Number of protein chains: 2
Amino acid sequence: MREILKGNIIDTLALGQLRVREQGYLLLEDGCIRGVCDSVPEDWADAAVHDYGDGLIMQSFADMHLHGPQYPMLGMGMDLPLMDWLDTYTFPVEARFADLDYARRTYRRLASDLITNGTTRVCMFSSLHTDATWILMEELEKAGVTGYVGKVNMDRNGKPGVLQEETEESIRETLRWLDGCHFEHIKPILTPRFTISCTDELMAALGRIARERGLYVQSHLSENDQEIAFTHELHPDTQRYWETYDKFGLWKDHTLMAHCVWSDEVERRAIRDAGVVVVHCADSNTNICSGVCPVKRMLDEGLQVTLGSDIAGGAQLPMYKVIAATIRTSKTRRMLDNWQSDFLTVEEGYYLGTTAGHRYFGAGEGFATGDKLHAIVINDWDFPETAKPLSVQQRFERAIYMTHRHNIVSVWSEGREVVHRD
Amino acid sequence: MREILKGNIIDTLALGQLRVREQGYLLLEDGCIRGVCDSVPEDWADAAVHDYGDGLIMQSFADMHLHGPQYPMLGMGMDLPLMDWLDTYTFPVEARFADLDYARRTYRRLASDLITNGTTRVCMFSSLHTDATWILMEELEKAGVTGYVGKVNMDRNGKPGVLQEETEESIRETLRWLDGCHFEHIKPILTPRFTISCTDELMAALGRIARERGLYVQSHLSENDQEIAFTHELHPDTQRYWETYDKFGLWKDHTLMAHCVWSDEVERRAIRDAGVVVVHCADSNTNICSGVCPVKRMLDEGLQVTLGSDIAGGAQLPMYKVIAATIRTSKTRRMLDNWQSDFLTVEEGYYLGTTAGHRYFGAGEGFATGDKLHAIVINDWDFPETAKPLSVQQRFERAIYMTHRHNIVSVWSEGREVVHRD
């Protein structure tokens, strides 16, 4: 089936490079992009046209780090540092997901809020509950969200009796969970919460499972000074945090590491050389006072950097807000560096929140030919009247800062239009 | 006329002190607060009751610094430092307000967006246009917004031929403007843009007018290093920026100074001793890389600090978002200070965005007896379901981070309900 999307097409092929096509055409065949052009090719004359008028056809967002079971505590408990915040707020809330009805309601809401805000790809932490994790995966898939979800592993330093597994149980449940995953667009990813939460025995088992089943891994790295110090106590034979994952075969290509706020030059090199992908979570780093990540430097050094909302350390689910927060945080970093480092531009923020994330899933740059379409359409008709007509590029900039959910009139995920507002 | 507001009442009497009354009653007589209590007094049995159910009755917000004519450029031009940003974006946009039809449309929209987001008091910069300034005042008044608006004075370092006055013209137009102000709830305030924009002759004239007519003054102070250096060049006889206002009688009780990011100990003492009021604009300071204001230190030193959205250096009009940005910025300040300074709590942010501002207009602390009511009602029914029932105080915290305009179901300004959503 051939379809055409008509409107102002804005994608980003590389960091800081925006491609703007005013009143262009995006050609789609069975959900796959066949090209972006200025006029309709003759042999496409019969294709169905989705005419978005003067709307902005942009890439959809990829949220590369968030905790599904923390969605209920969005915007709460922001006055505590990481380790206290986990103990006081997070663990009790996650424990609630033993209740599958509660999980169903919460995850259905989360999935709906994600897709209607234009997030079509995710890498998400669930809780340690196998059954609730399947429910999360199912609700995401039903809503049209794609990507990876992980049942969390944690067999120490949790809340015994409330939120913690036995080692054997954690391994057994992981295997049961993996065997029960049968979703088309939501795949499993191994998810040791972080080194502090997992015994060596559990980490070693996860490393084996990753190798045997060819699975990716996601976790946390170098977020907070107390966390780093505690990790070092647990692994006194290591020099740096990343080695505690490497020991067990979890440090490899496509391993996702959230935060990396305090990764020094050596750790950053280890990230780059292994093909590990950084997930920068600006809002969370600020909210729980973790630190100000030197993102621009990471990019200059050639690291792969993507963005995450980090719900609920982050308090903003929509990725356009996360992009704006990322830009602001990069300006804070600049001020911290005595105005010696560059901040991220709007175009760069857009790249990190879209193409950088989509590439993790095997996609090409921007609206690349052959890729399944992941896109949103923004209608900015209700933004304040400007002093003079804006270029499409200026409208794009304003859209990043000012979009609300109702401005997103269409969402395409994996080649299908899954949200449509008249 | 006697009315009663029924719901969960949350006000703040001092910095960090929250007063929560679950299912309480706020008594109102001819728009004036007569008390807050747990049950209805016998002689109030006949009063009309506004029953907001389980809603949160909170203080409305005071936005103490924003530029009305910059509303059209919200979320744009964020990649430039202050002086370039003014020249490239701001001045051309402000020049557009010579067109009174455009001014009418823009200011009507702005007034509506302010009041429906719960901002009932403002101190606002207009442009240098007298007639457009009256239109701004009229539209605010019609919408139910109260406070002060200033026609801007600028007779140098603007954009000659586009946005700049002759000295005589600026003085003459200021007097014409003042004589033409006849609004009940929107009053004039003298508004030299900043020292860079005003010759000594103009500043002296404004000082005289302020004294003769008993008017307040608003301007900018110590926002950005280039601005400070330029100001010093223009006034080589001064040690610090604040003296350039003091010279001309503009540094006095109730003078509002936006930013003060770089005010040192001496300047901060001058602020405190004169009764000058600081308007902290967190979002703007970050967006245009001005710096990270030490707000907590200012408060500890006894300065009066209020909050401003600083549209359009700030990109967020709703004051609940400005409060969240203020809290985040105070955490950045903490990180900059090597975790040695405290951040602002949610309760403290709420105080700065409400009571601290309302006091400028002569109001008391919180919902003080005798004051005209300024309040909002937040209905949080569509927030994600929590893991367990929340206290009203927890709901308050979540409301600061998560409110959207549609959650504000009622707005009271100067004793009248000016917004009501079913």
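Residues numbered from 1 in each chain as written. Chains lettered and ligands numbered in written order. Predicted model: local features only at pLDDT ≥ 70, side-chain atom pairs only at ≥ 80, totals over all residues. Heavy atoms only, no water.

Enquirer: What is the right way to read the state of the cysteines from this model?
Expert: What makes a disulfide is a covalent bond joining the sulfur atoms belonging to two cysteines. Residues and elements named next belong to chain B. In this structure the tally under the stated criterion is zero disulfides over all chains. Looking at the unpaired C281, the closest cysteine sulfur is the one in C260, lying at 9.0 Å. Sulfur of C289: no disulfide; nearest cysteine sulfur belongs to C293 and is 15 Å away. (Disulfide = S-S within 2.5 Å.)

Enquirer: Looking at this structure, I do not really get the relation of the copies chain A and chain B. What am I missing?
Expert: In summary, the two copies of the chain are related to each other by a rotation about an axis coupled with a shift along it. After a rotation of 180 degrees and a shift along the axis of 0.0 Å, chain A superposes on chain B with an RMSD of 0.0 Å. Read as a symmetry element, the transformation amounts to a two-fold axis. In terms of C-alpha distance to the rotation axis, chain A has L336 of chain A as its closest residue, with the C-alpha 3.3 Å off the axis. When the interface residues of chain A are mapped onto chain B, 100% of them again lie at the interface, so the same face is used by both copies. (Least-squares fit on C-alpha atoms with pLDDT ≥ 70 in both. Contact = heavy atoms within 4.5 Å.)

Enquirer: Explain the domain arrangement of chain A here, please?
Expert: One widely used convention gives an interface's size as the accessible area the parts lose upon coming together. All names here are of chain A. Per the domain assignment, the segments making up chain A are domain 1 (2–59 + 366–420) and domain 2 (61–353). For domain 1 versus domain 2, the distance between C-alpha centres works out to 30 Å. On the domain 2 side, the residues contacting the 28 residues of domain 1 number 27 residues. Buried surface at the junction of domain 1 and domain 2, summed over both partners, amounts to about 2400 Å²; 65% is from carbon and sulfur atoms. The three residues of domain 1 that bury the most area against domain 2 are L15, I400 and R405, which together make up 28% of that side's buried surface. The interface formed by domain 1 and domain 2 includes two salt bridges. A salt bridge links R405 to D113, with the shortest nitrogen-to-oxygen separation between them at 3.0 Å. In this assembly, domain 1 and domain 2 are joined by nine residue pairs in polar contact (both at pLDDT 80 or more). Elements with a minimum of two residues in the side of domain 1 that touches domain 2: β1 (2–14), β4 (48–59), α14 (392–402), β16 (408–413) and β17 (416–420). In the side of domain 1 that touches domain 2, the residues fall into 15 nonpolar, eight polar and five charged. (Domains from an automatic or database assignment. Buried area = accessible area lost by both parts, 1.4 Å probe. Salt bridge = Lys/Arg side-chain N within 4 Å of Asp/Glu carboxyl O. Polar contact = N/O pair within 3.5 Å; in protein donor to acceptor, adjacent residues only side chain to side chain. Helix = DSSP H or I, 4+ residues; strand = E, 2+ residues; numbered from the N terminus. Nonpolar A, V, L, I, M, F, W, Y, C, P; charged D, E, K, R; others polar.)

Enquirer: Please explain the sheet that holds strand β13 (residues 277–280) of chain A as it appears in this structure.
Expert: Strand pairing in a sheet relies on backbone hydrogen bonds. The paired strands run either parallel or antiparallel. Residues and elements named next belong to chain A. Spatial ordering of the open sheet is given by β11-β12-β13-β14, a layout of four strands whose pairing is parallel. A single partner strand is all that each edge strand has here, and the edge strands are β11 (218–221) and β14 (304–307). Within the sheet, the average angular offset between the axes of one strand and its neighbour, ignoring direction, is 35 degrees. Both β11 and strand β12 (residues 256–259) contribute to a ladder of four bridges, which runs parallel. Residue pairing for β12: H220 is matched across the bridge by A258. (Pairing = 2+ DSSP bridges. Axes fitted to C-alpha atoms, helices over the stretch in contact; angles between N-to-C directions.)

Enquirer: In this structure, what is going on with the environment of I311 of chain A? I would like to understand it.
Expert: All names here are of chain A. Relative to the helices and strands, I311 resides in the loop between β14 and α11 (319–336). Expressed as a C-alpha distance, the spacing of I311 and P72, which sit 239 residues apart in the sequence, is 9.5 Å. With residues up to four places along the chain from it excluded, the contact list for I311 reads H65, L66, H67, Q70, Y71, L74, Q316 and L317.

Enquirer: Would you take a moment to explain the nonpolar core for this structure?
Expert: When a protein is soluble and globular, its nonpolar side chains tend to lie buried together. One finds L140 of chain A together with L140 and W251 of chain B to be the most contacted residues of the largest nonpolar core, which totals 221 residues. Non-local contacts of L140 of chain A, meaning those with residues more than four positions away in its chain, are made with A111, L114, V122, M124, V145, V149 and I186 of chain A. (Core = buried A, V, L, I, M, F, W, Y, C linked by side-chain atoms within 4.5 Å. Buried < 20%, exposed > 50% of the residue type's maximum accessible area, 1.4 Å probe, protein only.)

Enquirer: Just to check I follow, could you spell out the interface of chain A and chain B for this structure?
Expert: Every contact between the two is made by 49 residues of chain A and, on the other side, 49 residues of chain B. Remark: the boundary between chain A and chain B carries four salt bridges. One salt bridge connects E385 of chain B with R105 of chain A, and the closest N-O pair in it is separated by 2.7 Å. Linking chain A with chain B are 28 residue pairs in polar contact (both at pLDDT 80 or more), by the criterion used here. Residue assignment for the side of chain A that touches chain B shows that the elements contributing at least two residues are α2 (100–116), α9 (282–287), α11, α12 (346–353) and α14 of chain A. Top element by residues in the side of chain A that touches chain B is α11 of chain A. It accounts for seven residues. Counted by class, the side of chain A that touches chain B contains 22 nonpolar, 13 polar and 14 charged residues.

Enquirer: Any chance you could explain the packing of α12 of chain A against α14 of chain A here in plain terms?
Expert: A pair of packed helices is captured by two measures, namely the crossing angle of their axes and the spacing between those axes. Residue and element names in this part refer to chain A. The geometry of α12 relative to α14 is characterised by a closest axis approach of 10 Å and an angle of 60 degrees between their N-to-C directions. For α12 against α14, the interelement crossing comes out left-handed. Where α12 abuts α14, its residues V346, E347 and Y350 lie against Q393, F396, E397, I400 and Y401. Looking at side-chain class alone, the contact of α12 with α14 contains five nonpolar, one polar and two charged residues. (Left-handed = near helix turned anticlockwise from the far one by under 90°.)

Enquirer: Looking at this model, I keep getting lost on the side chain of S284 of chain A. Mind explaining?
Expert: Topologically, S284 of chain A is positioned in helix α9. Apart from the residues lying within four places of it in its own chain, the contact partners of S284 of chain A are E223, H259, C289, D310, G313 and G314 of chain A.

Enquirer: Looking at this structure, I do not really get the pattern of salt bridges. What am I missing?
Expert: Any two side chains of opposite charge can pair, on the condition that their charged atoms come close. Applying the stated rule across the entire model yields 59 salt bridges over all chains. In this structure, D273 of chain A engages R272 of chain A in a salt bridge whose closest nitrogen and oxygen atoms are separated by 3.3 Å. Since its relative accessible area comes to 57%, D273 of chain A is described here as exposed. For R272 of chain A, a relative accessible area of 37% gives the class partly exposed. Among the ionic pairs, K247 of chain B bridges to D237 of chain B, the shortest N-O distance being 2.9 Å. Of this pair, K247 of chain B sits in the loop between α7 (243–246) and β12 (256–259) while D237 of chain B sits in the loop between α6 (225–234) and α7, and the two are 10 residues apart along the sequence. Using a relative accessible area of 55% as the deciding quantity, one classes D237 of chain B as exposed.

Enquirer: Got a minute to help me understand the pairing of strand β6 (residues 119–125) of chain A in this structure?
Expert: The two faces of the sheet receive side chains in turn, since in a regular strand these alternate between them. Residue and element names in this part refer to chain A. Most of β6 is tucked away, with seven of its seven residues classed as buried. Relative to β6, strand β5 (residues 61–67) runs parallel, the two being bridged by five bridges. Bridging across to β6, H67 finds its partner in F125. With respect to chirality, the unit in which β6 leads through helix α3 (residues 130–143) into the neighbouring parallel strand β7 (residues 146–150) is right-handed. (Right-handed = clockwise from strand over helix to strand, strands pointing away.)

Enquirer: How should I be thinking about the pairing of strand β17 (residues 416–420) of chain B in this particular structure?
Expert: All names here are of chain B. Across four bridges, the pairing between strand β16 (residues 408–413) and β17 is antiparallel. From the neighbouring strand, W412 faces β17, where its bridge partner is E417. Turn length for the β16-β17 hairpin, with the two strands adjacent in sequence and antiparallel, is two residues, and the turn residue E414 shows positive phi of about 50 degrees.

Enquirer: What should I look at first to understand helix α4 (residues 167–179) of chain A in this one?
Expert: Side chains that are three or four residues apart share a direction in an α-helix, a result of its 3.6 residues per turn. Residue and element names in this part refer to chain A. Helix length check: α4 (13 residues) gives 19 Å between terminal C-alpha atoms against 18 Å at 1.5 Å per residue, within 8%. Buried within α4 are the following residues: T167, S170, I171, E173, T174, W177 and L178. End-on, the buried residues of α4 take up no more than an arc of 165 degrees, which puts them together on one face. Across from the buried face of α4, at angles greater than 90 degrees, the exposed residues are R172 and D179. Turning to α4, the residues buried within the fold contact α3, β7, β8 (152–153), β9 (186–188) and α5 (200–213). (Expected span 1.5 Å × (residues − 1). Arc of directions from axis to C-beta.)

Enquirer: Is there a simple way to think about unusual backbone geometry in this case?
Expert: One can expect most non-glycine residues to show negative phi and most peptide bonds to be in trans. All names here are of chain A. Cis rather than trans, the peptide bond between I311 and A312 has omega equal to 5 degrees. Looking at where A312 falls in the secondary structure, it is placed in the loop between β14 and α11. Of note in this structure, C260 is not a glycine but carries a positive phi near 55 degrees. Structurally, the position occupied by C260 is in the loop between β12 and α8 (265–274). Relative accessible area serves as the criterion here: at 0%, C260 is assigned to the buried category. In this model, C289 sits at a positive phi of 55 degrees, which is unusual for a non-glycine residue. Take C289: it is sitting in the loop between α9 and α10 (295–300). Overall, C289 belongs to the buried group, its relative accessible area being 9%.

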